[in-house]
Amino acid sequence: MKKADDVLTNIDAPAEEATPCACKERRLKVGIIGTGWIADSHIMSYKQMPDVDVVAGADLIPGKADAFFKKHGMEGVRTYPNHLTMLEAEKLDAVSVCTYNMAHAVPTIDALNRGVHVLLEKPMCVTLEEAVAICKAEKKSGKVLSIGFQPRFDANMQMIKKIVDSGELGRVYYIQTGGGRRRGIPTPFGTTFIEKETGGIGALGDIGCYSLDMVLNAIGYPKPLTVSGYTSDFFGKNPATFIGRGHPEYADVFGVDDFAAAFIRLEGGIILDFRIAWAMNINTPGDTIILGTEGGLRIPSTDCWNGTVGGPMTLYHEVAGEQTETIIPIIENKGKAGLFEQKIRSFLDAILYNKPAPVPSSQIIRNQAIIDGINRSAKLGREIEINIPEI
Ligand SMILES: NC(=O)c1ccc[n+]([C@@H]2O[C@H](COP(=O)([O-])OP(=O)(O)OC[C@H]3O[C@@H](n4cnc5c(N)ncnc54)[C@H](O)[C@@H]3O)[C@@H](O)[C@H]2O)c1
């Protein structure tokens with residue numbers, strides 16, 4: 001197990017000119033909303049931070065939060081039956097919102113309205129309407145809201161942006177992104193990912209948000225203008241998909257997409273061609289490719305998306321007038337803290353040093369607008385315009 005000081009020294013230090021917040025003089029009080037699967041990663045990271053006390057946690061399921069803190073050797077942490085009772089009873093600096101997608105917006109807004117900084121798990125939420133409400137609450141509160149995209153801290157993901165920013169590709173005009181799994185509908189501890197009432201969106205939100213973030217972040221998050229989307233649920237609705245897990249009845253409650261595809265027009269004349277799958281009858285729907293006027297980049301697909309690229313990238317360009325390829329080897333995240341620890345640390349540093357959110361809602365609202373647009377377009381069966389209201 002790493003020592004707390006190692007974690008701190010291995011994370012990029014805040015800029016020297018950053019002004020510390022008054023709260024830097026004491027330990028930050030953090031609460032966890034939703035003590036399910038991903039909350040484990042949050043708590044394990046917080047435990048490594050020397051300037052944080054996790055003092056409270058909430059979960060709707062009776063006894064779940066108590067069992068969670070017991071499992072992590074933190075029996076003294078106060079627990080509550082929902083996020084609201086916790087926010088009312090505790091004076092918290094920050095919360096991690098680790099609830100299922102359909103319960104992202106309300107706890108986030110309730111926390112921001114009470115002056116509490118929020119680290120919100122991905123995807124930001126389910127609809128664009130919710131994303132707008134979250135951004136408005138953030139603006140009103142003046143608090144830090146960061147969205148939980150840990151791949152942003154991966155050196156290979158950062159390399160994609162560096163290549164685009166270097167001008168090596170020239171003007172980017174076409175991107176194909178996505179990926180997914182031949183079989184891999186997530187039901188880790190039950191059905192919260194696949195039910196409409198809890199997950200709200202399927203592969204599209206769960207892993208689609210990552211693949212969209214990878215390429216949109218690389219090109220500076222241009223505004224999405226129109227989308228023609230498609231979603232399907234052929235595998236999720238088939239009991240055979242879940243027989244191997246001993247739960248054919250999961251097909252009865254499956255209420256989200258297991259595959260999505262879309263053709264998206266972005267500001268600046270850029271086309272984004274997207275497809276993502278939790279299940280399909282092929283190994284991959286294709287690598288990510290970024291085409292520019294001077295060069296092209298191939299990024300091998302990944303079936304998981306919550307960490308890094310699927311293999312070494314290839315840059316197609318010209319050297320001395322000759323068409324050539326340069327392999328970009330995988331960069332080891334050596335000497336650095338884990339991606340999750342960096343996600344948590346960068347959120348804490350934004351609070352402590354009055355810095356902007358490491359993964360800002362001003363970008364991710366565009367990611368959410370695309371997801372929302374794909375869903376709406378798929379239902380209507382035609383292309384639609386995307387309009388993101390002013391915040
Ligand atoms: N960043 C990552 O790598 C990663 C990985 C897995 C999941 N996630 C995201 O994390 C989120 C949660 O996923 P999970 O697998 O942990 O789900 P989960 O179903 O295991 O846990 C969610 C918990 O939230 C609780 N909850 C819901 N509403 C609540 C409320 N108002 N107050 C208190 N508790 C509430 C539920 O009772 C449940 O126990 C999802 O949005 C998912 O996309 C992120």
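Residues numbered from 1 in each chain as written. Predicted model: local features only at pLDDT ≥ 70, side-chain atom pairs only at ≥ 80, totals over all residues.

(A) Broad picture of the sheet that holds strand β2 (residues 52–58). Pairing is parallel across the open sheet formed by 6 strands, whose spatial order is β3-β2-β1-β4-β5-β6. Both outer strands of the open sheet, β3 (78–80) and β6 (145–148), are each paired with one neighbouring strand and no more. Here the average twist between neighbouring strands, direction ignored, is 25°. Sheet strands in contact with helix α3 (residues 64–71) are β2 and β3, and its direction is about 150° off that of β2. (Pairing = 2+ DSSP bridges. Helix = DSSP H or I, 4+ residues; strand = E, 2+ residues; numbered from the N terminus. Axes fitted to C-alpha atoms, helices over the stretch in contact; angles between N-to-C directions. Contact = placed C-beta atoms within 7 Å.)

(B) Highlighting the environment of T108. As for its placement among the helices and strands, T108 is situated in helix α5 (residues 105–113). Once the C-alpha coordinates of T108 and E138 are considered, the two residues, 30 residues apart in sequence, prove to be 8.9 Å apart. What T108 contacts, discounting residues up to four positions off in sequence, is V97, V118, L120 and I134.

(C) Expanded view of the sheet that holds strand β10 (residues 270–277). Read from one edge of the open sheet, 9 strands run β14-β13-β12-β11-β7-β10-β9-β8-β15, paired in mixed fashion. The sheet is open, and its two borders are formed by β14 (322–328) and β15 (384–385), each paired with just one other strand. Pairing of strand β13 (residues 313–319) with β14 involves 7 bridges; the strand directions are antiparallel. Its bridge partner being in β14, L315 is matched across the sheet by T326.

(D) Spotlight on the confidence of the model for the chain. Confidence in the prediction for the chain averages 94 pLDDT; 96% of positions are at 70 or higher. Segment residues 1–10: pLDDT under 50, and 14 contacts once partners within four positions in sequence are set aside and those in other chains are kept. (pLDDT = per-residue confidence, 0-100.)

(E) Examining the site of the ligand more closely. Residues in contact with the ligand amount to 28 residues; listed here are only the nearest, G34, G36, W37, A103 and T192. Among the elements that take part in the shell around the ligand, helix α2 (residues 37–46) stands out by supplying 3 residues, more than any other. When its residues are assigned to classes, the shell around the ligand shows 12 nonpolar, 11 polar and 5 charged. Here the shell around the ligand gathers at least three residues from each of two domains, domain 1 (4–151 + 337–359) and domain 2 (155–332 + 368–385). (Near = placed C-beta within 6 Å. Nonpolar A, V, L, I, M, F, W, Y, C, P; charged D, E, K, R; others polar. Domains from an automatic or database assignment.)

(F) Fine view of the pairing of strand β8 (residues 224–232). One ladder, built from 8 bridges, connects β8 with strand β9 (residues 259–266); its direction is antiparallel. When the sheet's bridge partners are listed, T231 is paired in β9 with A260. Pairing of β8 with β15, which is carried by 2 bridges, proceeds in the antiparallel orientation. In the strand pairing of β15, V227 is matched with I384.

(G) Fine view of the pairing of β9. Judged by how many residues are buried, β9 sits mostly within the fold: 6 of 8 residues are covered. Bridge count between β9 and β10: 8 bridges; the pairing is antiparallel. Among the inter-strand pairings, A261 is bridged to a residue of β10, identified as R275. Where β9 folds back on β10, the antiparallel hairpin that results is connected by 3 residues, among which G268 adopts a positive phi of roughly 90°. (Buried ≥ 20, exposed ≤ 12 C-beta atoms within 10 Å, placed from the backbone.)

(H) Focus on helix α9 (residues 208–218). Most of α9 is tucked away, with 11 of its 11 residues classed as buried. Among the residues of α9, those classed as buried are G208, C209, Y210, S211, L212, D213, M214, V215, L216, N217 and A218. Within two residues after α9, G220 carries a phi angle of roughly 85°, on the positive side.

(I) A look at the environment of G310. Tracing the sequence through the fold places G310 in the loop between β12 (296–299) and β13. In this structure G310 comes out as partly exposed when scored by C-beta crowding, with 18 C-beta atoms within 10 Å. For the pair formed by G310 and I299, sequence separation is 11 residues and the distance between their alpha carbons is 7.2 Å. When sequence neighbours within four positions are dropped, the list of residues in contact with G310 reads P300, S301 and T302.

(J) Examining the domain arrangement of the chain more closely. We note that the domain assignment places domain 1 (4–151 + 337–359) and domain 2 (155–332 + 368–385) within the chain. Its C-alpha centre places domain 1 at a distance of 26 Å from the equivalent point of domain 2. Counting from both sides, the interface comprises 17 residues of domain 1 and, opposite them, 21 residues of domain 2. Per-class residue counts for the side of domain 1 that touches domain 2 are 12 nonpolar, 4 polar and 1 charged.

(K) Region of interest: the nonpolar core. Core analysis: the biggest nonpolar cluster contains 110 residues, and V30, V95 and V118 have the highest contact counts within it. Residue contributions to this core reach at least three from each of two domains, namely domain 1 (4–151 + 337–359) and domain 2 (155–332 + 368–385). (Core = buried A, V, L, I, M, F, W, Y, C linked by C-beta atoms within 7 Å.)

(L) Broad picture of unusual backbone geometry. The amide bond that connects K122 to the next residue, P123, takes the cis arrangement and shows omega of -15°. With a phi close to 50°, A320 is a non-glycine residue in the positive phi region. Along the polypeptide, A320 turns up in the loop between β13 and β14. Phi angles above zero are rare outside glycine, and N354 is one such case at about 50°. Relative to the helices and strands, N354 resides in the loop between α12 (339–352) and α13 (361–380).

(M) Focus on α13. Taking 1.5 Å as the rise per residue, α13 with 20 residues should run 28 Å; its terminal C-alpha atoms sit 27 Å apart, in good agreement. Two residues or fewer past α13, G381 is found with a positive phi of approximately 75°. (Expected span 1.5 Å × (residues − 1).)

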